[in-house]
Structure formats: C-alpha cells, structure tokens
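Architecture at a glance
Here's the letter readout for the chains.
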Amino acid sequence: MSEAETSGTDRPDRVLQNYIAGHWTDIASTAEAIVTNPATGAGIAVHPVSSTATIDSAVEAAAGAFGQWRKTPVPTRAAMMFRYRHLLHEARDELAAIIVEENGKSVAEAQGELLRAIQYVENAATVPETQKGAVTENVANAVDIEYIREPLGVFAVIAPFNFPAMIPLYFSWAVATGNTVVLKPSELCPLTTVRMVELAAEAGFPPGVINMVLGDKSTVEALSDHELVQGLTFVGSSEVAEIVYRRVTGNSKRCQAQGGAKNHLVVTDTAVLDRCMPNISSSLFGCASQRCFAGSNLLVYRSIYDQVVEQLVAQAGSMKMGLGTDPDVGMGPVISAAALEKYTTAIDAAEAAGARLILDGRGASVDGCPDGHWLGPTLIEADPGSEVWTTELFGPVRCIHPVDSIDEAIDIINASTYGHSAVIYTERGGLARRFRQSVETGQVGINVGTPAPIAFYPVGGRKSSFYGALRGRGVDAVDFYTDKKVVVTTWHDTDGGDQAGVDPAFEGTV
Ligand code: NAD
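It should be emphasised that the depicted structure is a prediction, and the values quoted were computed from it without experimental measurement. (Residues numbered from 1 in each chain as written. Predicted model: local features only at pLDDT ≥ 70, side-chain atom pairs only at ≥ 80, totals over all residues. Heavy atoms only, no water.)

This brings us to the side chain of Thr 482. Position of Thr 482 relative to the elements: it lies in strand β22 (residues 482-489). We classify Thr 482 as buried; its relative accessible area is 2%. Of note is the side chain of Thr 482, whose polar atom sits 2.5 Å from the backbone oxygen of Val 478. Residues contacting Thr 482, with those up to four places away along its chain left out, are Gln 131, Arg 149, Glu 150, Pro 151, Leu 152, Thr 177 and Arg 254. (Helix = DSSP H or I, 4+ residues; strand = E, 2+ residues; numbered from the N terminus. Buried < 20%, exposed > 50% of the residue type's maximum accessible area, 1.4 Å probe, protein only. Polar contact = N/O pair within 3.5 Å; in protein donor to acceptor, adjacent residues only side chain to side chain. Contact = heavy atoms within 4.5 Å.)

So, in structure tokens, the structure goes:
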C-alpha cells in the first residue's frame with residue numbers, strides 16, 4: 001500500500017470507482033489509500049484496491065468486447081481516436097489542473113506533458129497507415145505470400161506516478177490496432193486517468209474496449225497471471241519492471257517493461273555555456289527531477305568545471321519552489337513523504353561518506369504549505385561508483401564530477417547498470433558522433449538535455465532501464481500490439497491461378 005495509507009490524512013469524501021464494461025462501478029476493495037496533494041498534504045480522494053474478482057470482471061469485459069472491436073473498420077477506429085484527441089485537447093486546462101493537484105508539477109509542466117500525451121493519440125490515429133500488412137507475389141510458382149497485422153486481444157497497461165496523462169495513454173496504440181485494454185494507473189496519481197477514461201467514454205469507445213481498475217502490486221500480479229490477458233505494457237522503476245517482465249513472460253505473454261534511469265550529461269569545453277546552462281539546469285531539476293529523462297549525473301570537463309558549478313548554483317538558487325498553480329514556480333514538491341525521506345537519507349549518507357554538498361536542499365519549506373514534501377535542488381560532488389552516483393534517486397538529488405576526456409566520461413556512463421539516456425554538450429561534430437556510437441543507452445541527446453522521443457519515435461532504454469524487445473510508442477507500439485500473421489496462397493483455377501504459372505523456359509534461369 002502506498003504512503004498515503006499511513007499519512008494520517010483525513011478520509012476525503014470522494015471515493016474513486018473502476019470503469020468496467022462501460023460502467024463506473026464501486027470497488028469491492030481489499031484495502032485503500034488516500035490520494036494526496038504532494039504540495040499541501042491534503043487528501044483528495046480515496047483510492048480503493050480492487051479485489052481479484054473485480055479484476056477478473058474487467059478482463060472478461062475487455063475479452064468480451066474484443067471480437068466486435070477487432071472487426072470494427074479501421075477508419076472507424078481511427079475516427080474515434082480523432083474524436084478522443086479533440087476531447088482531450090478541449091479538456092487540457094482541466095486535465096492540467098488535475099495533474100498539478102495530484103502530482104505537484106507546475107501548470108506549464110503539466111501543459112507540456114499534455115501536449116506530448118495528446119500527440120500519442122494523434123499518432124495512434126494513423127492506424128489505417130501503420131497497420132497495413134505486406135504482400136509479395138510469386139514467391140514460388142503461382143504462390144503469393146502476405147502478412148496481416150492482427151490484434152491479439154486484451155492488453156494491460158500499468159503506469160507510474162510521474163506522467164499521469166502521458167503513460168496511461170500508451171493504451172492508444174493498443175486500442176487503435178483493434179485490441180481492448182485494462183488500465184491500472186498509479187495509486188499515487190490516478191485522477192488524471194479517471195478523467196481521461198471519462199473522456200474516452202464520451203468519445204464513443206464501445207463498452208469493454210477501455211477498462212480501468214484501481215489497485216497496487218496485487219492488481220498488477222492478477223493482470224500478469226490472467227489467462228485472457230495477452231500482453232502487458234509496464235512503465236515504472238527498474239526493480240518492479242524486472243519482476244513484472246519475468247512474471248508476464250513466464251506466463252508466455254508479451255511484455256514491454258520500461259524501467260528507471262540514471263542519466264549522465266557530459267559538458268565539454270566547446271559547449272556554448274550561455275545556451276546550454278538553462279537546458280542543463282532544466283534537465284537536472286525540471287518536474288522536481290521526477291522524469292525518467294532527467295539528467296542525474298553531470299560530468300564536466302575540468303577546464304570549465306568551476307564555471308559550470310558557479311552557474312548551476314546561481315540558476316538553482318533562482319528557482320522558486322512552491323505550488324504548481326503559481327506561474328512563477330519553477331519547482332514543485334516530490335511525490336510523497338516516503339520519497340522525501342528516501343532522498344534526505346541518501347543525502348545524509350553521501351555526506352557521511354565524504355561527498356561535498358555544493359547545494360543542499362534538505363529542510364526546504366514553502367510558506368503556507370507546511371505539509372508539502374519539499375526538497376530543494378541538491379548538488380553533490382561525488383565519485384562515480386559511489387552509492388549516490390549509481391542509485392536512481394527520482395527527485396532533485398543530482399551529482400557532479402570533473403573529467404579529463406571524453407573516453408573517461410564514456411567509461412563512467414557505460415559502467416552504469418542503467419542505460420536510459422546520455423547527453424553530450426559540444427560543438428564538435430566528430431566528438432558527438434563518437435559519443436553517440438559509444439554510449440550504451442537507448443537515447444542520446446546532443447546539446448539536448450532531455451532527449452525524450454516524440455510520439456512517432458520509439459522509446460526505451462538498455463540494461464535495467466528496459467526489459468523487452470519492442471519499445472513503446474510509434475511503429476514499435478504497433479508491432480507490440482499486433483501479430484504478423486503470414487498467409488501463403490496458391491489457386492488452382494484457370495483465371496490466374498497455378499495454370500498461369502511461369503513458363504518452364506523461365507524456371508531455373510539463375
Ligand atoms: P513504481 O515501479 O513504484 O510503480 C509503477 C507501477 O507498478 C505502479 O502502477 C505500481 O502500482 C506498480 N507496482 C509497484 N510495485 C509493484 C510490484 N512489486 N509488482 C507489481 N507492480 C508493482 O514506479 P513509480 O515510483 O510510480 O514511478 C517512478 C519510476 O518510473 C522511476 O523509476 C522512473 O525512472 C520510472 N519511469 C520510467 C519511464 C520510462 O519510460 N522508462 C517513464 C516514467 C517513469
């Protein structure tokens with residue numbers, strides 16, 4: 001159960017429901033958590049945990065709808081995605097306000113997330129093009145071969161807390177290609193998904209095509225084991241991604257499991273610092289560092305090290321911390337009291353181990369929000385290989401270290417157990433090219449601090465940052481949610497079938 005259960009927050013009036021077979025239903029719960037505003041500590045809603053029987057009914061509803069949905073003409077499915085896109089766009093201010101309340105981001109950050117999230121739906125709406133199969137005639141005498149991209153059935157989508165709109169919308173590709181889904185949002189930030197599912201119902205998706213169940217670990221386990229679930233998309237921490245991947249694939253189902261990150265940013269001596277420093281600072285501390293693409297560890301060429309440190313300290317110092325509704329706020333809270341405790345403990349330990357604290361965010365406070373989970377920007381000069389350098393801390397605890405060469409930086413990056421993204425700041429093309437080829441990460445940024453792929457490019461890391469073969473989004477998502485059924489055909493009639501086969505004089509000419 002999440003930290004909300006133990007926070008002592010008063011029980012709010014709003015009790016969340018599941019969405020199953022086109023109906024909002026009360027949840028026969030096994031436990032409950034309180035969704036809280038991380039900036040104020042105020043309870044927003046009660047989040048019940050669904051029982052196994054409830055999860056069964058959601059999966060059965062999805063399985064029941066699959067037969068009709070897969071037969072629904074592709075242009076009709078695409079049109080429904082367009083309608084959904086329109087409703088999401090119309091509701092973006094309302095959705096942004098929900099994200100700010102349950103996640104703590106600023107309005108600008110929430111709007112940025114929604115812009116990208118809505119692009120997922122736009123991209124999924126291109127399904128008449130992306131779900132095309134392929135045909136080759138005459139692969140043998142009068143024999144043709146083709147493949148058809150078929151949907152498979154019920155997919156589960158499991159989301160983390162940090163992008164409450166973007167990640168649940170991974171379901172767009174599953175549904176557009178003719179599958180049906182059961183979504184499970186994060187128990188820390190479920191409200192955005194609840195509203196997005198309401199909008200999906202308004203868009204006209206038939207009952208059972210999109211279902212949502214609230215829950216926790218037990219819910220994910222039940223979905224992973226359910227015989228009617230064909231595959232599962234997971235996004236969250238590496239620790240859980242590996243567990244989920246092993247469980248789902250152990251059940252002979254498809255799985256793509258996106259994990260955590262510890263991203264390195266290399267600042268070389270040709271970096272245009274005036275242009276790069278705001279980008280670096282935003283990568284390190286934007287969204288209170290609760291982004292999988294956030295820069296975690298900064299490797300800076302020794303000749304410019306002091307200059308970079310000085311500028312970072314100045315920029316972080318000018319960042320206003322507070323409620324996301326305040327347009328001047330540059331940094332919100334971390335998600336929970338448990339997260340705050342974890343990061344504070346990590347800073348304590350790094351300090352005790354001899355690391356130098358350049359910026360110390362412990363003890364930060366915001367006027368009027370004494371119960372918020374505040375941690376100011378923290379910058380630690382640490383050794384690569386130390387605990388604070390190697391462990392993912394999904395909050396504003398960042399490390400910095402000087403390097404003497406690109407090879408030293410690449411060796412440090414490749415020693416990481418994570419392989420999500422790596423960034424280089426340079427104006428030397430050849431150096432950037434070597435970096436791009438040498439780092440063992442799924443994404444690379446060249447003078448771009450958060451190299452997050454847009455909807456029509458695949459996303460996924462390497463090593464413990466991603467378990468699976470097919471990445472998320474774009475054509476990879478279409479591949480993941482469909483199966484290429486191969487059909488080999490010949491005909492025996494006289495209108496172009498095998499009677500019209502090749503003249504023996506043409507056989508064996510090569
Ligand atoms: P998390 O792993 O704690 O939870 C993610 C989901 O898994 C939640 O829905 C949760 O209910 C469920 N869950 C938790 N424990 C489980 C267990 N033992 N078995 C099965 N399911 C379980 O992640 P979080 O704290 O919500 O999100 C932050 C993490 O997500 C960070 O590590 C971040 O790097 C990562 N993330 C990765 C990407 C990416 O694209 N790779 C994107 C966003 C976030």
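Now for the sheet that holds strand β19 (residues 443-446). Taking strand neighbours across the sheet as the criterion, the seven strands line up as β14-β15-β16-β13-β12-β18-β19 in an open arrangement whose pairing is mixed. Each end of this open sheet is capped by a strand with a single partner; those strands are β14 (356-359) and β19. Averaged over all adjacent pairs, the angle separating strand axes in this sheet is 25 degrees, with direction ignored. For strand β18 (residues 421-425) and β19, the ladder comprises four bridges, and the chain directions are parallel. Looking at the pairing, Val 423 lines up with Gly 445 of β19. (Pairing = 2+ DSSP bridges. Axes fitted to C-alpha atoms, helices over the stretch in contact; angles between N-to-C directions.)

To continue, consider the pairing of strand β8 (residues 180-184). Counting buried residues in β8 gives five out of five residues, a clear majority hidden from the surface. Here β8 shows no split at all, with Thr 180, Val 182 and Lys 184 on one side and Val 181 and Leu 183 on the other all buried. Relative to β8, strand β7 (residues 154-158) runs parallel, the two being bridged by five bridges. Bridge assignment links Ala 156 to a residue of β8, and that residue is Val 182. Handedness of the crossover joining β7 and β8 through helix α6 (residues 171-176): right-handed. (Right-handed = clockwise from strand over helix to strand, strands pointing away.)

Take the state of the cysteines next. In the structure shown here, the tally under the stated rule is zero disulfides. Looking at Cys 255, it has no disulfide partner, and the nearest cysteine sulfur is the one in Cys 292, 17 Å off. Looking at Cys 292, it has no disulfide partner, and the nearest cysteine sulfur is the one in Cys 287, 10 Å off. Given the relative accessible area of 22%, Cys 292 is considered partly exposed. (Disulfide = S-S within 2.5 Å.)

Before going further, it helps to spend a moment on the domain arrangement of the protein. Domain parsing of the protein yields domain 1 (18-259 + 465-485) and domain 2 (263-446). Of note, the centres of domain 1 and domain 2, computed from C-alpha atoms alone, are 31 Å apart. At the interface, 20 residues of domain 1 touch 25 residues of domain 2. Carbon and sulfur atoms supply 60% of the area that domain 1 and domain 2 bury against each other, a total of about 1800 Å² over both sides. When the buried area of domain 1 at its contact with domain 2 is split by residue, Pro 38, Ala 39 and Ser 465 rank highest and sum to 27% of it. Along the contact surface separating domain 1 from domain 2 lie zero salt bridges. Mapped by element, the contributors of at least two residues to the side of domain 1 that touches domain 2 are α3 (92-103) and α4 (107-124). (Domains from an automatic or database assignment. Buried area = accessible area lost by both parts, 1.4 Å probe. Salt bridge = Lys/Arg side-chain N within 4 Å of Asp/Glu carboxyl O.)

By the secondary structure assignment, Thr 268 is in the loop between β12 (263-267) and α10 (273-285). In this structure Thr 268 comes out as buried when scored by relative accessible area, which is 0%. For Thr 268 and Ser 237, which are 31 residues apart along the polypeptide, the C-alpha to C-alpha distance reads 30 Å. Apart from residues no more than four positions distant in its own chain, Thr 268 is found in contact with Tyr 301, Ile 304, Ile 424, Tyr 425, Thr 426 and Leu 431.

As enumerated under the stated definition, the model contains 24 salt bridges in all. Among the salt bridges present, the one from Arg 11 reaches Glu 32, with a minimum N-O distance of 2.8 Å. Placement of Arg 11 in the segment before β1 (18-20) and of Glu 32 in strand β3 (residues 29-36) is noted, with a sequence separation of 21 residues between them. Judged by its relative accessible area of 27%, Glu 32 is partly exposed. The closest approach of N and O atoms between Arg 149 and Asp 479, which form a salt bridge, is 2.6 Å. Highlighted residues: Arg 149 in strand β6 (residues 143-151) and Asp 479 in helix α16 (residues 474-481), separated in sequence by 330 residues. Since its relative accessible area comes to 11%, Arg 149 is described here as buried. Among the residues examined, Asp 479 registers a relative accessible area of 16% and is labelled buried.

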